[in-house]
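Read off the chains here:
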There are 2 protein chains.
Amino acid sequence: MEIKNKEDLIGQLKEKGLKITPQRAAIIDALVKNRYEHPGATMIFTEARKKAKHVSLSTVYATLKEFSENGLIKQLEFDRMENRYDVDLSDHINLICKRCGTIIDCTIPAPLEPRDIARKSGFIVTDTRMEFHGYCNDCLKRPG
Amino acid sequence: MEIKNKEDLIGQLKEKGLKITPQRAAIIDALVKNRYEHPGATMIFTEARKKAKHVSLSTVYATLKEFSENGLIKQLEFDRMENRYDVDLSDHINLICKRCGTIIDCTIPAPLEPRDIARKSGFIVTDTRMEFHGYCNDCLKRPG
DNA sequence: TTCCATATCGGAATCATTCCAGTTTGATTA
DNA sequence: TAATCAAACTGGAATGATTCCGATATGGAA
């Protein structure tokens, strides 16, 4: 499941027991069509409106959250910038431009060497962010 | 410069031509003293107040931003959670608990294998975040 | 001591995101 | 095909971390 299309995502929705609505179809369209832009909620809202006239921003947010939580897409979180969404769930590095916000997928495997990245893509790495999210030992022991 | 203390940071301030104020000294104290907690602005504010009675939250934010931009500390950015600050600028992985927000430093080198991390630390990785921030090719060509 | 660029201040503004309470609807079942 | 209801949608209000603002204070060079 490297390259997901609309049908794949709708299939996943059904599997999870989630409903397929015109709004969701339009949002999926927007996500797939603009996959390389790693669109944010605003762009998805604008794009989705072209297909389904009646989509609200609240719905776009709720839907993107729902999709993320169900593993259909990945949410790339930021601080003073809109979150962005990625349909490509495979392991890859995101090259994020501090100036223009462009996000480029980088599939160079294993040894994460900023120098290699730079040489191969022309991207200059000033700051690396490598985080693993999950559950710490203490929380795993604690019930709840 | 693996383990930074108060004097190191004040030295860096001088080097950069930044002023040393009671507020900044108190903020540096808070940063160093709570380094393993990776404190957020609120905790730094509370801690700094214990030393310097007159520090405002605005100043804390401005100062942390200033310090981050000048490379004295590293800002760990989040979406719906306070940003956190790290005095340790060496390459390391941050293990972030999704439930309690604890941030644990992980100094395992090279091949970033979630399984290894889990085995060595008892941390269960559900989500990896590896991002390189910098400048893309297009932006480098463009003037400004 | 003077001086001024830099810091600090509190309060208002920002803005992406979430919450809420009321309405609509997909899709299951009879 | 209609009835049913949990799930989804809606717009507007609320949230909350962070930034902005214009005024005031001050570190440290001369």
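Here is what the cut-offs are and how they apply
Residues numbered from 1 in each chain as written. Chains lettered and ligands numbered in written order. Predicted model: local features only at pLDDT ≥ 70, side-chain atom pairs only at ≥ 80, totals over all residues. Helix = DSSP H or I, 4+ residues; strand = E, 2+ residues; numbered from the N terminus. Contact = placed C-beta atoms within 7 Å. Near = placed C-beta within 6 Å. Nonpolar A, V, L, I, M, F, W, Y, C, P; charged D, E, K, R; others polar. Buried ≥ 20, exposed ≤ 12 C-beta atoms within 10 Å, placed from the backbone. Pairing = 2+ DSSP bridges. Axes fitted to C-alpha atoms, helices over the stretch in contact; angles between N-to-C directions. Parallel < 35°, antiparallel > 145°, perpendicular 65-115°, else oblique. Left-handed = near helix turned anticlockwise from the far one by under 90°.

## Quick word on the overall build of chain A
Looking only at helices and strands, chain A features six helices and five strands. Counted from the first residue to the last, chain A has its helices and strands arranged as α-α-α-α-β-β-β-β-α-β-α. Sequence-distant contacts, at least 24 apart, represent 36% of the contacts inside chain A between residues at least 6 apart.

## A look at the protein's contact with DNA strand D
Taken together, 24 residues are adjacent to DNA strand D, and A:T21, A:Q23, A:S56, A:T59 and B:N83 come closest. Those elements giving two or more residues to the surface near DNA strand D turn out to be α2 (22–33) and α4 (57–69) of chain A together with α4 (57–69) of chain B. The greatest single-element share of the surface near DNA strand D, amounting to four residues, is contributed by α4(A).

## Some details on the protein's contact with DNA strand C
With respect to spatial proximity, 24 residues lie near DNA strand C, and among them A:N83, B:T21, B:Q23, B:S56 and B:T59 are the closest. When contributions to the surface near DNA strand C are tallied by element, the ones reaching two or more residues are α4 of chain A together with α2 (22–33) and α4 of chain B. Counting residues per element, the surface near DNA strand C draws most heavily on α4(B), which supplies four residues. In terms of residue class, the surface near DNA strand C is built from seven nonpolar, eleven polar and six charged.

## Thoughts on the environment of B:L31
Residues and elements named next belong to chain B. Looking at where L31 falls in the secondary structure, it is placed in helix α2. A residue is classified by how many C-beta atoms lie within 10 Å of it, and L31, with 26 of them, is buried. Sequence-wise, L31 and N94 are 63 residues apart; in three dimensions their C-alpha atoms are separated by 17 Å. Not counting residues up to four positions away in its chain, the partners in contact with L31 are I44, I73, Y85 and V87.

## Considering the environment of B:H54
All names here are of chain B. In this structure, H54 sits in the loop between α3 (41–51) and α4. On the basis of neighbour counts, which here come to 9 C-beta atoms within 10 Å, the residue H54 falls in the exposed class. For the pair H54 and R35, spaced 19 residues apart in sequence, the C-alpha separation works out to 22 Å.

## A closer look at the pairing of strand β3 (residues 93–97) of chain A
Residue and element names in this part refer to chain A. Counting buried positions along β3 yields four of five residues, so the element is predominantly enclosed. In this sheet, strand β4 (residues 103–106) lies alongside β3 in antiparallel orientation, the contact comprising four bridges. If you follow N94 over to β4, its bridge partner there is D105. The loop that links β3 with its antiparallel partner β4 comprises five residues; one of these, G101, has a positive phi angle of about 85 degrees.

## As for the packing of helix α1 (residues 6–15) of chain A against α2(A)
All names here are of chain A. One can describe the packing of α1 onto α2 by two numbers: an axis separation of 10 Å at closest approach and a directional angle of 135 degrees. By the angle between their directions, the pair α1 and α2 is classed as oblique. Relative to α2, α1 is oriented so that their crossing is right-handed. For the pair α1 and α2, the contacting residues are K6, L9, I10 and L13 in the first and R24, I28, D29 and V32 in the second.

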